[in-house]
Amino acid sequence: MAKVIVIYDQPKDQAGFEKHYFEVHIPLVQKVPNLKGAEVHRVLQSMYTDEKLYLIAELKFENQEVLAQALATPEFQEVQGDVKNLVNYLNKPPVVAIVD
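Residues numbered from 1 in each chain as written. Predicted model: local features only at pLDDT ≥ 70, side-chain atom pairs only at ≥ 80, totals over all residues. Heavy atoms only, no water.

### Section: the sheet that holds strand E3 (residues 53–61)
Working step 1: A sheet is described by the order of its strands in space; here four strands give the open sequence E2-E3-E1-E4, paired in antiparallel fashion. A strand with exactly one partner marks an edge of an open sheet, and here the two such strands are strand E2 (37–42) and strand E4 (95–99). For this sheet, the mean inter-axis angle between neighbouring strands, taken without regard to orientation, is 15°.
Working step 2: For strand E1 (residues 2–9) and E4, the ladder comprises five bridges, and the chain directions are antiparallel. Note on E4: the bridge partner recorded for Ile-5 is Ala-97. (Pairing = 2+ DSSP bridges. Helix = DSSP H or I, 4+ residues; strand = E, 2+ residues; numbered from the N terminus. Axes fitted to C-alpha atoms, helices over the stretch in contact; angles between N-to-C directions.)

These figures come from the coordinates and say nothing about function on their own.
Set out below in structure tokens:
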């Protein structure tokens, strides 16, 4: 299993972020080919950091090769392009990590 993990800090405009994230961004993510699953977790508490973590999203793919192929698709490029719209509601861009 390979995953894309996206970590968002507390938005400066929470209502705007929530609306755009769940009504626009998530539907774009769901169109990505070979996506085995996607989960969004609200951060209730974080330890050993001064960051105000808000959401953690996990996009799951069968393996690293399938993930790499998905990243190159027009659908994923549309997801990446939409991140600039999300950043309008945030204090800083999200952290993105690719993990196995």
